[in-house]
Amino acid sequence: ALARSAWAVLGLNILTIIGGPVVRATGSGAGGGRNWPDCQGEIIPGCDEVASVSEFSLRVISGLALITVISLAVVVRRRFESGTSARRWAFWSVSAILGEAAIGAGLVLAELVEDKDSVLRAVSVALHLVMTFLLLGSLTLLAWTLTTGKETHWGGPHTRAFVIGGVGLLVLGGTGAVTALADTLFPAESLAEGLAADLEAEHFLTTLRVIHPFVAVGVAWYVMWVANRVRDQRAARYVSLLVLVQFVVGVLNVVFLTPIWSQVVHLLLADLLWVSWVVLGADLMVDEAVPAEG
């Protein structure tokens, strides 16, 4: 039951994450004004403004995600001995979600929303996405540990490949967040117009937008190479499949000029790919099980 709860908490956090592109793409990020965690100075804003309702809804879901992560960590701490993987990943899950919330609050309080195109905003959204991935990774390892009863052993022969691929996926996520911001602030009327804006370097965000596809190709190749070497692992097959599907969706995202639906699907697939990669890494680096107390 505890393992199922952990996977459910992971699912809730993924749901919270994919709500972000909707709020950003619809320009609802400033719907709460320069207030956090309340919106426009009210705990429950009125329903007359769509932007306020959208931003408030995301904050409510994020608040529920925070509560569930902390609650899960409390239960794990009570049931497992000190030094076990379950306790370790529970601690990092709480740390990551608090860090993610702090960055999100900072974006609102510093008014780095709507049409703000500063370097600080670009760095912040990239860090926010990286922190989000770290949260999902910690929750995944916690759920995996509770499900299998095994301990991860970080000195195994596959550790280096897993870490390199993981860092690559984090970099890919960060550049993807910046690209999504550029697509929102500098939308193109056609594919040719978008490419021209990128090549002419009209803004540093449009210039950075070119980097993401190249990073995606490199990281995808490496991840597929690692997954192909351990094809006997079920998670490896999921990794390979998700890389291929993500590539197709990424191309469609560019061709159709990044509509909201493709942004949401693209981010969802990125989350699932990251979770699958973490599960694969855990499967390759296991030690003997450490039981819970009682």
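Residues numbered from 1 in each chain as written. Predicted model: local features only at pLDDT ≥ 70, side-chain atom pairs only at ≥ 80, totals over all residues. Heavy atoms only, no water.

(A) Representation of the nonpolar core within the structure. Counting residues in hydrophobic clusters, the biggest one holds 61 residues, and the most contacted among them are Val-76, Leu-142, Leu-146, Leu-169, Val-239, Trp-277 and Leu-280. The set of elements that each furnish at least two residues to this core consists of helix 1 (2-25), helix 2 (50-79), helix 3 (85-109), helix 4 (119-148), helix 5 (159-185), helix 8 (211-229), helix 9 (234-255) and helix 10 (260-284). Not counting residues up to four positions away in its chain, the partners in contact with Val-76 are Leu-2, Ala-86, Arg-87, Ala-90, Leu-142 and Leu-146. Residues Ala-122, Ala-126, Val-178 and Leu-185 belong to the second largest nonpolar core, which totals eight residues. (Core = buried A, V, L, I, M, F, W, Y, C linked by side-chain atoms within 4.5 Å. Buried < 20%, exposed > 50% of the residue type's maximum accessible area, 1.4 Å probe, protein only. Helix = DSSP H or I, 4+ residues; strand = E, 2+ residues; numbered from the N terminus. Contact = heavy atoms within 4.5 Å.)

(B) Representation of the packing of helix 4 against helix 10. Contact geometry of helix 4 with helix 10 gives a least axis separation of 9 Å together with a crossing angle of 45°. Relative to helix 10, the element helix 4 lies oblique. For the element pair helix 4 and helix 10, the recorded crossing hand is right-handed. Of the residues in helix 10, those touching helix 4 at Leu-129, Phe-133, Leu-136, Gly-137, Thr-140, Leu-141 and Trp-144 are Leu-267, Ala-270, Asp-271, Trp-274, Val-275, Val-278, Val-279, Ala-282 and Asp-283. When its residues are assigned to classes, the contact of helix 4 with helix 10 shows 12 nonpolar, two polar and two charged. (Axes fitted to C-alpha atoms, helices over the stretch in contact; angles between N-to-C directions. Parallel < 35°, antiparallel > 145°, perpendicular 65-115°, else oblique. Left-handed = near helix turned anticlockwise from the far one by under 90°. Nonpolar A, V, L, I, M, F, W, Y, C, P; charged D, E, K, R; others polar.)

(C) Fine view of the environment of Leu-135. As for its placement among the helices and strands, Leu-135 is situated in helix 4. The spatial distance from the C-alpha of Leu-135 to the C-alpha of Ser-95 is 8.2 Å, given a sequence separation of 40 residues.

(D) Layout of the layout of surface pockets. Of the pockets and cavities examined, the second largest pocket occupies roughly 370 Å³. In this structure, the second largest pocket is lined by 19 residues; those nearest its centre are Trp-89, Leu-134, Ser-138, Leu-141 and Trp-274. Of all the elements in the fold, those that place two or more residues in the lining of the second largest pocket are helix 3, helix 4, helix 5 and helix 10. Top contributing element to the lining of the second largest pocket by residue count: helix 4, with six residues. Partitioning the lining of the second largest pocket into residue classes produces 15 nonpolar, four polar and no charged. (1 Å grid on protein atoms, 1.4 Å probe; cavity = no way out; pocket = protein on both sides within 12 Å on 5 of 7 lines; lining within 4 Å. Points joined across faces, edges and corners; volume = space filled by probe spheres on them.)

(E) Layout of helix 4. With 30 residues, helix 4 extends 43 Å from end C-alpha to end C-alpha; this agrees with the ideal 44 Å at 1.5 Å per step. Just downstream of helix 4, Gly-149 is the residue with a positive phi angle, here 70°. (Expected span 1.5 Å × (residues − 1).)

(F) The arrangement of the packing of helix 5 against helix 10 in detail. Look at helix 5 against helix 10: their axes get within 10 Å of each other, and the N-to-C directions meet at 165°. For the element pair helix 5 / helix 10, the angle class is roughly antiparallel. For the element pair helix 5 and helix 10, the recorded crossing hand is left-handed. Taken together, the residues of helix 10 that come into contact with helix 5 (itself represented by Ala-161, Phe-162, Gly-165, Gly-166, Leu-169 and Leu-170) are Leu-273, Trp-274, Trp-277, Val-278 and Gly-281.

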